[in-house]
Amino acid sequence: MSMRTTALSPADEFPFTQADFKTIADLVYEHSGIVLGDHKRDMVYSRLTRRLRALRLRTFREYCTLLHGRSGEEEISSLINAITTNLTKFFRESHHFEHLHKTVLAHIWRTTIGAKPRVRVWSAACSTGEEPYSIAMTAMASRREAGREWDFRVLATDLDTSVLNKAMTGAYPAAALEDVPAGMRESGFAPTPSGVRVAPDIQALITFKQLNLLGPWPMRGPFDAIFCRNVMIYFDAETKAKLVERLHSLLKPDGWLYVGHSESLLEQQHRFRLCGHTIYQKTGS
Ligand SMILES: C[S@@+](CC[C@H](N)C(=O)[O-])C[C@H]1O[C@@H](n2cnc3c(N)ncnc32)[C@H](O)[C@@H]1O
């Protein structure tokens, strides 16, 4: 006897039309610059179903109506939080931290004689914090080697408020330390009952703030180095070009820009010199 199952497949739980997808994709683009092509339809569905359940909605049509309604602005923030991809880890693309340590910071110590160096680094899409904490730990190691005082700070920003809240706690599972260099594990973290917490002296070097890379930037810089990694891949060429131009203007002369492993500044090559895999140095002023 054949058995008929009445269970709905996950994709049938909430009706989701092409028009709903377009409404959501347009709003996401407008508010974050993230391009959601048709191939992202299933991803959008699965990332938003939890939101629909929480709001007790039955269809994506209802969700779109809510997004365009009176409390729409508030919901857009939850929409963006659900859509962003926040994958990151400590010392991801470790050659960037090696370069920051041995080239950028070493040069600053060498060339700032008789004065306290002032160094500013921006982690421009910091996600859950592993990137800015890796920068701060690298800086701490550099300062220990130099044996001198300095004024060092990291600005860490992201559009997604939920990842920023997590970043600010500085709490991670112990397994997250896999790629942290051995010496920095000891000095950078303290054990907790559920994992580890970033040491207070590392945390004190970082300011976390919400910032949309497409919106106004309240800070003036200039930065010695900017980490803008694994975020431009979500943008179209026009958004990326404008962003790179703005990053250029916030860097010090000869400042450094680190981009993600599958990103490049091919179209903006005249503004930067490629100095290693995904490592760029500002040219001009
Ligand atoms: C894949 S994570 C990259 C994290 C880290 N930079 C790294 O490389 O490991 C991409 C981050 O970009 C953020 N993001 C996406 N669009 C943004 C925007 N318009 N402004 C600021 N951050 C954005 C997301 O919230 C997400 O946390």
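Residues numbered from 1 in each chain as written. Predicted model: local features only at pLDDT ≥ 70, side-chain atom pairs only at ≥ 80, totals over all residues. Heavy atoms only, no water.

A.B. asks: Report on the state of the cysteines, specifying residues and quantitative values.
C.D. replies: Considering all chains together, one arrives at 0 disulfides under this definition. Of all cysteine sulfurs, the one in C228 lies closest to C126, which takes part in no disulfide; the gap is 11 Å. Owing to a relative accessible area of 0%, C126 belongs among the buried residues under this scheme. (Disulfide = S-S within 2.5 Å. Buried < 20%, exposed > 50% of the residue type's maximum accessible area, 1.4 Å probe, protein only.)

A.B. asks: Now, about the domain arrangement of the chain: what can you tell me, with residues and values included?
C.D. replies: What the domain assignment reports for the chain is domain 1 (10–83) and domain 2 (95–282). Computed over C-alpha atoms, the centres of domain 1 and domain 2 are 31 Å apart. Both sides together, the interface formed by domain 1 and domain 2 hides about 760 Å², and carbon and sulfur atoms give 47% of it. For the pair domain 1 and domain 2, the number of links is 0 salt bridges. (Domains from an automatic or database assignment. Buried area = accessible area lost by both parts, 1.4 Å probe. Salt bridge = Lys/Arg side-chain N within 4 Å of Asp/Glu carboxyl O.)

A.B. asks: If you had to explain the pairing of strand β9 (residues 272–276) to someone new, which residues and values would you point to?
C.D. replies: Regular strands have side chains that alternate between both faces of the sheet. For β9 and strand β10 (residues 279–282), the ladder comprises 4 bridges, and the chain directions are antiparallel. Residue F272 lies in a different strand from β10, and its bridge partner there is K282. Between β9 and β10, which pair antiparallel in sequence order, lie 2 residues; one of them, T278, sits at a positive phi of approximately 60°. (Pairing = 2+ DSSP bridges. Helix = DSSP H or I, 4+ residues; strand = E, 2+ residues; numbered from the N terminus.)

A.B. asks: Tell me what's going on with the site of the ligand, and back it up with residues and numbers.
C.D. replies: Lining the immediate surroundings of the ligand are 21 residues, of which S32, T88, A125, D158 and N230 lie closest. In the environment of the ligand, an oxygen atom lies 3.0 Å from a nitrogen or oxygen atom belonging to the side chain of N86. In the environment of the ligand, a nitrogen atom lies 2.8 Å from a nitrogen or oxygen atom belonging to the backbone of A125. Residues belonging to the shell around the ligand are distributed by class as follows: 8 nonpolar, 8 polar and 5 charged. (Near = heavy atom within 4 Å. Polar contact = N/O pair within 3.5 Å; in protein donor to acceptor, adjacent residues only side chain to side chain. Nonpolar A, V, L, I, M, F, W, Y, C, P; charged D, E, K, R; others polar.)

A.B. asks: Any chance you could break down the confidence of the model for the chain for me, citing the residues and the numbers?
C.D. replies: Averaged over all residues, the pLDDT of the chain equals 93, while 96% of them reach at least 70. pLDDT under 50 marks residues 1–9. Its contacts with residues more than four places away, or in other chains, come to 1 contact. (pLDDT = per-residue confidence, 0-100. Contact = heavy atoms within 4.5 Å.)

A.B. asks: Quick one: what's the story with the sheet that holds strand β5 (residues 195–198), residue by residue and with numbers?
C.D. replies: On the basis of which strands lie adjacent, the open sheet formed by 3 strands has the order β3-β5-β4 and antiparallel pairing. Each edge of the sheet is formed by a strand with only one pairing partner; in this case those strands are β3 (171–172) and β4 (189–192). Note that β4 and β5 share 4 bridges and pair antiparallel. Directly across from A190, in β5, lies its bridge partner R197.

A.B. asks: Which residues make up the nonpolar core, and what values do they have?
C.D. replies: Core analysis: the biggest nonpolar cluster contains 49 residues, and I24, L48, W122, L213, I226, C228 and L257 have the highest contact counts within it. Elements supplying a minimum of two residues to this core: α1 (18–32), α2 (41–54), α3 (60–68), α4 (72–83), β7 (223–228), α10 (237–250) and β8 (251–259). Residue contributions to this core reach at least three from each of two domains, namely domain 1 (10–83) and domain 2 (95–282). Every residue in contact with L257, bar those within four places of it in the chain, is listed here: I226, C228, L247, L251, L265, F272, T278, I279 and Y280. Counting 41 residues, the second-largest nonpolar core is a separate cluster that includes L105, I108, V198 and I279. (Core = buried A, V, L, I, M, F, W, Y, C linked by side-chain atoms within 4.5 Å.)

A.B. asks: Which residues make up the packing of α1 against α2, and what values do they have?
C.D. replies: Think of two packed helices as two axes; the pair is described by the angle between the axes and how far apart they sit. It is the contact of α1 with α2, at a shortest axis distance of 11 Å, that shows an interaxial angle of 80°. Compared by their axis directions, α1 and α2 come out roughly perpendicular. Contacts between α1 and α2 pair Q18, F21 and I24 from the former with R41, V44 and L48 from the latter. For the contact of α1 with α2, the residue count by class is 4 nonpolar, 1 polar and 1 charged. (Axes fitted to C-alpha atoms, helices over the stretch in contact; angles between N-to-C directions. Parallel < 35°, antiparallel > 145°, perpendicular 65-115°, else oblique.)

A.B. asks: Account for the side chain of N230, naming residues and giving values.
C.D. replies: Structurally, N230 can be placed in the loop between β7 and α10. In terms of polar contacts, N230 uses its side chain to reach the side chain of E93, at 3.2 Å. Contact partners of N230, with chain neighbours within four places excluded, come to R92, E93, G260, H261 and E263.

A.B. asks: Break down unusual backbone geometry for me, citing the residues and quoting the values.
C.D. replies: The linkage connecting G221 with the following residue, P222, adopts the cis geometry, with an omega of -5°. Phi is positive for E93, close to 55°, though the residue is something other than glycine. Residue placement: E93 occurs in the loop between α4 and α5 (95–111). With a relative accessible area of 15%, E93 lands in the buried category. Despite not being glycine, D254 has its phi angle at roughly 65°, a positive value. Along the chain, the position of D254 falls in strand β8.

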